[in-house]
Amino acid sequence: VDDVDKFIDNFDGDLNIASVEKKAIETVETLNIFNINELISEGLMVVLQREFATVSVTDSNISYIGSDEATTCHIVAFHIEGFATSLGHFDSFAVDKSVRVMIDSLIQCAKLENPLTKSIEIDMIGGFTQPEREGHQITKQLFISMHKQPELIHLRTGLVNKLNTTFRNNIPYPIASQLIIKINNGSIMIGNSNFPPNIIPELSLRGARLFSNTQDRTMTNVYDWSTHELVISYYPISKWPDAQLFLSAPDEILLKYLSTSPEQESSEFLVRLRATLQCFVDAESNKPFNDIQSIIYKYHGLSSLYWERIHIM
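Summary of the structure given here.

The rules we used
- Residues numbered from 1 in each chain as written.
- Predicted model: local features only at pLDDT ≥ 70, side-chain atom pairs only at ≥ 80, totals over all residues.
- Heavy atoms only, no water.
- Salt bridge = Lys/Arg side-chain N within 4 Å of Asp/Glu carboxyl O.
- Helix = DSSP H or I, 4+ residues; strand = E, 2+ residues; numbered from the N terminus.
- Buried < 20%, exposed > 50% of the residue type's maximum accessible area, 1.4 Å probe, protein only.
- Pairing = 2+ DSSP bridges.
- Contact = heavy atoms within 4.5 Å.
- Arc of directions from axis to C-beta.
- Polar contact = N/O pair within 3.5 Å; in protein donor to acceptor, adjacent residues only side chain to side chain.
- Axes fitted to C-alpha atoms, helices over the stretch in contact; angles between N-to-C directions.

## Some details on the pattern of salt bridges
- Under the definition given, this model contains 11 salt bridges.
- Among the salt bridges present, the one from Arg100 reaches Asp104, with a minimum N-O distance of 2.7 Å. Taken as a pair, Arg100 and Asp104 lie in helix 4 (residues 95–110) at a separation of 4 residues, close to a single helical turn.
- We classify Arg100 as partly exposed; its relative accessible area is 22%.

Written out as structure tokens, the structure is:
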């Protein structure tokens, strides 16, 4: 464990921080040239914190997977060239188990007879320099987990912690908080903006899972690659007495108690958080699942709906 800590510190670098920051910003600017509307029309799926999705290169609906709002969290893409891609948004919970679940999903989607002969390329962004080193701990867990996997794993992009830090008025911020990967060739786009909420089905319901009392905090798979459907699986939304209290509280209180990086969060974070709290308040009278097991969507990128709710199971 000590060796991994040293490795990450060395990975972050005994380099000139100013030059590293400049190079990282230049890299992000190079990879930040994309038109979000074009990606949406071609098939963009967004995963949220503690979610992942796996897509085959033959998928006729989805061409890109992306995630945003990663400060201390990490967004990681696993890619097997010519076969499949999986992208997940990791926090500090169940990292080891989630890595294995994602790799298994990737191998199954790729339909590989001998997966140990194929290299898995990984692109990772997340974390930034902070005294609490919360991002450092997630990077550490990810590196330890990937090191013990039997598959051939190649870290292609590692924009994490010090390498992902810029300063504004002496306050550290992540350079990149958004990662998008193209399914067919594994090319990535990196940014620090937010996806439009209208392209993320059931945004507040999916966000509420983070605050539910579920015992298993492994990442949730939100895409069925065999049926090409986005699946929001049932989970119990238990009563949360503090939800209404937080909902009426000022932004500073929400950030202090419900964020690991209050100074670095975007305004969109607060919008999403308040919608999630409202979901808990509304759930007491309007149960979102109504005893069903899943809410299912199909992608229609050329329409104004983007995702269409087709049925519930």
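## A closer look at the pairing of strand 3 (residues 64–67)
- By the alternation rule, side chains of strand 3 split into Tyr64 and Gly66 and Ile65 and Ser67, which are all buried.
- Note that strand 1 (residues 44–46) and strand 3 share 3 bridges and pair parallel. In the strand pairing of strand 3, Leu44 is matched with Tyr64.

## Looking at the pairing of strand 15 (residues 294–300)
- The buried fraction of strand 15 amounts to 5 of the 7 residues, a majority that puts the element mostly inside the structure.
- For strand 14 (residues 229–233) and strand 15, the ladder comprises 4 bridges, and the chain directions are antiparallel. Within strand 15, the position partnered with Val231 by the bridge is Ile296.

## Thoughts on the environment of Val101
- Positionally, Val101 belongs in helix 4.
- Among the residues examined, Val101 registers a relative accessible area of 30% and is labelled partly exposed.

## Focus: the environment of Phe246
- Relative to the assigned elements, Phe246 resides in helix 7 (residues 242–247).
- Residues Phe246 and Tyr257 lie 11 residues apart in sequence; the distance between their C-alpha atoms is 9.3 Å.
- When near neighbours in sequence (up to four residues on either side) are disregarded, Phe246 contacts Trp240, Ile253, Leu254, Tyr257, Leu258, Arg274 and Leu277.

## Observations concerning helix 3 (residues 36–43)
- Among the residues of helix 3, Leu39, Ile40 and Gly43 are the ones counted as buried. Summarising the axial view, the buried residues of helix 3 lie within an arc of 100 degrees, below the 170-degree limit, and thus occupy one face.
- Two to three positions downstream of the cap, the backbone nitrogen of Asn37 sits 2.9 Å from a side-chain oxygen, assigning the N-cap of helix 3 to Asn35.

## Topic: the environment of Ser261
- Following the sequence through the fold, Ser261 ends up in the loop between helix 8 (251–258) and helix 9 (267–283).
- For Ser261, a relative accessible area of 1% translates into the label buried.
- Remark: the alpha-carbon pair of Ser261 and Gly135, spanning 126 residues in sequence, is separated by 10.0 Å.
- In contact with Ser261, not counting residues within four places along its chain, are Thr71, Thr72 and Phe128.
- Polar contacts involving the side chain of Ser261 include one to the side chain of Glu265, which spans 3.3 Å.

## Details of unusual backbone geometry
- Even without being a glycine, Asn161 presents a positive backbone phi close to 55 degrees.
- Here Asn161 lies in the loop between strand 7 (152–160) and strand 8 (165–168).
- Phi at His228 takes a positive value of approximately 60 degrees, unusual for a residue other than glycine.
- Looking at the secondary structure, you find His228 in the loop between strand 13 (223–224) and strand 14.
- Note on His228: relative accessible area 24%, which makes it partly exposed.

## Topic: the sheet that holds strand 1
- Spatially, the 4 strands line up as an open sheet ordered 1-3-10-11, and their pairing is mixed. Two strands bound the open sheet, and with one partner strand each, they are strand 1 and strand 11 (188–191). Strand-to-strand twist across the sheet, computed as the mean angle between neighbouring axes with direction ignored, equals 20 degrees.
- In the sheet, strand 10 (residues 178–182) pairs with strand 11 via 4 bridges, with the strands oriented antiparallel. Following the sheet pairing, Gln178 is matched in strand 11 by Gly191.
- Sheet strands in contact with helix 3 are strand 1, strand 3, strand 10 and strand 11, and its direction is about 100 degrees off that of strand 1.

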